[in-house]
Amino acid sequence: MKPHRLKLAHHLVLSYGLYKQMECYRPHPATPGELAAFHSEDYVSFLSRITPDNLRQFSAQMQKFNAGDMTDCPVFDGLFEFAQLYTGASIDGAIKLNNNETDIAINWSGGLHHAKKSEASGFCYINDIVLAILELLKVHARVLYIDIDVHHGDGVEEAFYCTDRVMTLSLHKYGDFFPGTGHIKDVGAKEGTGYSVNAPLTSGMTDKAYEDIFKPVMDKIMEIFQPGAIVLQCGADSLTGDRLGCFNLSLKGHAECVKYVKSFNIPTLVLGGGGYTIRNVARCWAYETSVLLDADIPNEIPYNDYFEYYAPDYELHLTPEPRENMNTDASLEAVRVELLQQLQELQGAPSVQMQEVPPEFDLKKEAYAEGINDGGAGDDVRDRGNGRTSKGKGDGTRRAHAAELYDGDGRTSKGKG
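S.K.: Before we go on, may I ask you to explain the overall build of the protein in this structure?
M.R.: From N to C terminus, the protein includes 11 helices and six strands. Of all 417 residues assigned to the protein, the portion counted as buried reaches 53%. A separation threshold of at least 6 residues defines the contact pool for the protein, and within that pool the share at least 24 residues apart is 81%. Of the roughly 18300 Å² of accessible surface on the protein, 50% is carried by carbon and sulfur atoms.

Okay, here's the thing in structure tokens:
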């Protein structure tokens, strides 16, 4: 899950001009104290100290916390700073929603749903989603978490498994697939019984099949649970052609979920997630940004610094692969019926006695004032001569970057979203 894919998404959002319809903010780096609102202090301390140069000093801790080259969570330069930034952005988005300063907040760098309280997992080190939900719970009695990544959102479900204040909905591949959780019978425990909603699916999910599960279940959730805020994880590894995913969704099918969630007019935090064909990740999140803005954008990708990644067609939308959907009509109907029955059995929206709202995290805006809602010309200083061609004059050759995953680069299929 290389941060390089965020550059591609950022450049597409810029080149389509979508940023002109948004308020853009520089996130604050989440402090160790903020991270410890969910994660254990010794785990946060470990992440803050480990680097590729001192791995031998932390061999026992790496095994304990599931980090290092022998795991799916390698240590790289700037790991902790990266985690602080993507987490800070999610917390900032939640605070904006709490303060009624926006109705939709987007952080495509967030959505790392596998991280546990004291363990990295599936390329996820800090669970920004859990921390953002904890922030939202300071104001909202109930928060709905929706996960459309191809992998089960196990870290978020586990964090809120025993509470009725957070409902989690995950549609994912299940069966001999990471992380191996998310059975339809995993419905929560104690006060949270019935508030974990899992739709276990198999390979080949199409737009229509996905929609036929998603919309009826969402309707019932909104009727029964009545959330005050929503967190939507938009993992792009459920798209067709993903290197690790096995669904067959088009951009429009994936974005239909985003559009449907938006239609309820509930304060919503929109996050990224998995996605391992990075040019398609950028396509997906740029398009879904346009959906959230109600803005039409052309299928022709505008020129940008990564234009050659989109060869040979230089188009935004994807064509699903001509392969069989292994989810039969009968199996999908069975999942839909069971989930609707699970929701129907809940005793309406749970109530909670609200107390004085705790203070929000100190954003230290003065220290970052130069990045608050400015959009100045000096924000994006790049070498204009690096790899540029005249607009529309690409030679049809896709440009590879060292950050993109290929079958021959030593990676195994044990990738996660």
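S.K.: Hey, could you run me through the pattern of salt bridges in this one?
M.R.: By the definition in use, this model includes 13 salt bridges. Across the salt bridge formed by Lys 116 and Asp 154, the nearest N and O atoms sit 2.8 Å from each other. Remark: Asp 154 occurs in helix H7 (residues 154–159) and Lys 116 occurs in the loop between strand S1 (104–107) and helix H6 (128–136); sequence separation between them is 38 residues. On the accessibility criterion, Lys 116 (12% relative accessible area) is buried. Ionic pairing is found between Lys 220 and Glu 223, a salt bridge with its closest N-O pair at 3.4 Å. Here the residue Lys 220 and the residue Glu 223 both occupy positions in helix H8 (residues 207–224), the gap between them amounting to three residues, near one helical turn. With relative accessibility at 48%, the residue Glu 223 sits in the partly exposed group. Taken together, the shared-partner salt bridges in this structure form one network comprising Glu 211, Lys 215 and Glu 256.

S.K.: Teacher, can you tell me more about the pairing of strand S6 (residues 268–271) here?
M.R.: As a general feature of sheets, a regular strand has side chains that alternate between the two faces. With burial as the criterion, each face of S6 is covered, one bearing Thr 268 and Val 270 and the other bearing Leu 269 and Leu 271. In the sheet, S1 pairs with S6 via four bridges, with the strands oriented parallel. The residue bridging Ile 106 from the neighbouring strand is Val 270, located in S6. Bridging between strand S5 (residues 229–233) and S6 involves four bridges; their strand directions are parallel. By the bridge assignment, Val 231 is partnered in S6 with Leu 269.

S.K.: Sorry if this is basic, but what is going on with the packing of helix H5 (residues 79–98) against H6 here?
M.R.: Two numbers describe a pair of packed helices, the interaxial angle and the distance between the axes. It is the contact of H5 with H6, at a shortest axis distance of 9 Å, that shows an interaxial angle of 20 degrees. In terms of their interaxial angle, H5 and H6 are classed as roughly parallel. Crossing handedness for the pair H5 and H6: right-handed. Contacts between H5 and H6 involve Tyr 86, Thr 87, Ser 90, Ile 91, Ala 94, Ile 95, Leu 97 and Asn 98 on the former and, on the latter, Asp 128, Leu 131, Ala 132, Glu 135 and Leu 136. Here the residues of the contact of H5 with H6 are counted per class, giving eight nonpolar, three polar and two charged.

S.K.: Where do I start with the packing of aromatic side chains in this structure?
M.R.: Geometry of an aromatic ring pair is reported as the spacing of the ring centres plus the angle between the planes. Per the stated rule, a full pass over the model turns up 14 aromatic pairs. Put simply, the rings of Tyr 43, Phe 46, Phe 58 and Phe 65 touch in pairs and so form one group of aromatic residues. The ring of Tyr 25 has Lys 96 sitting right over it, with the charged end atom 4.0 Å from the ring centre.

S.K.: What is the right way to look at unusual backbone geometry in this model?
M.R.: If a residue is not glycine, its phi is most likely negative; likewise, a peptide bond is most likely trans. Cis geometry is adopted by the peptide bond preceding Pro 179, which originates at Phe 178 and carries an omega value of 0 degrees. Note on placement: Pro 179 falls in the loop between strand S3 (166–173) and strand S4 (196–201). With an omega of 5 degrees, the peptide bond between Ala 311 and Pro 312 qualifies as cis. Mapping Pro 312 onto the fold places it in the loop between helix H10 (278–292) and helix H11 (329–344). Phi at Asn 100 is positive, roughly 60 degrees, even though this residue is not glycine. Summarising the element assignment, Asn 100 is placed in the loop between H5 and S1. The backbone phi angle of Asp 294 is positive, close to 55 degrees, even though this residue is not glycine. With respect to the element layout, Asp 294 can be found in the loop between H10 and H11.

S.K.: Before we go on, may I ask you to explain the sheet that holds S1 in this structure?
M.R.: Strands belonging to one sheet form pairs held by backbone hydrogen bonds; the direction of such a pair is parallel or antiparallel. With parallel pairing, the six strands of this open sheet are ordered in space as S1-S6-S5-S2-S3-S4. Strands with a single pairing partner mark the edges of an open sheet, and in this sheet they are S1 and S4. Between one strand axis and the next, the sheet turns through 10 degrees on average, direction left out of account. Contacts between helix H9 (residues 251–262) and the sheet are confined to S1, strand S2 (143–147), S5 and S6, with S5 contributing the most and set at about 175 degrees to the helix.

Basis of the calculations
Per-chain numbering applies: the sequence of each chain, read as written, is numbered from 1 onward. In keeping with the predicted nature of the model, local features appear solely for residues at pLDDT of at least 70, side-chain atom pairs appear and are counted solely at 80 or more, and the whole-chain, interface and lining totals rest on all residues. Neither water nor hydrogens contribute to the side-chain values; these are computed over all heavy atoms in the structure. A helix here means a DSSP run of H or I that spans at least four residues, while a strand means a run of E at least two residues long, and both kinds are numbered starting from the N terminus. Accessibility here uses a 1.4 Å probe with only protein chains present; expressed as a share of the type maximum, an area under 20% marks a residue as buried, one over 50% as exposed, and anything in between as partly exposed. Contacts between residues were defined by any pair of non-hydrogen atoms, one from each residue, lying within 4.5 Å. Each accessible area value is a Shrake-Rupley result obtained with a 1.4 Å probe; residue values ignore everything except the protein chains displayed when judging cover. Here, a salt bridge means any side-chain nitrogen of Lys or Arg that lies within 4 Å of a carboxyl oxygen of Asp or Glu. When DSSP finds two or more bridges between a pair of strands, those strands are recorded as paired. Simply put, an axis is a line fit to the C-alpha atoms, just over the touching stretch for a helix, and the angle between two N-to-C directions goes from 0 to 180 degrees. For this classification, under 35 degrees means roughly parallel, over 145 means roughly antiparallel, 65 to 115 means roughly perpendicular, and everything else is oblique. Crossing chirality is assigned from the near helix's rotation relative to the far helix, an anticlockwise turn below a right angle marking it left-handed and a clockwise turn marking it right-handed. Amino acids are sorted into nonpolar (Ala, Val, Leu, Ile, Met, Phe, Trp, Tyr, Cys and Pro), charged (Asp, Glu, Lys and Arg) and polar (every other residue, Gly among them). Aromatic pairs are defined between Phe, Tyr and Trp rings, using the six-membered ring for Trp, whenever the two ring centres lie within 6.5 Å; interplanar angles under 30 degrees are classed as stacked, those over 60 as edge-to-face, and all others as tilted. By definition here, charges over rings are those cases where NZ of Lys or CZ of Arg is within 6 Å of the ring centre and within 35 degrees of the ring normal.

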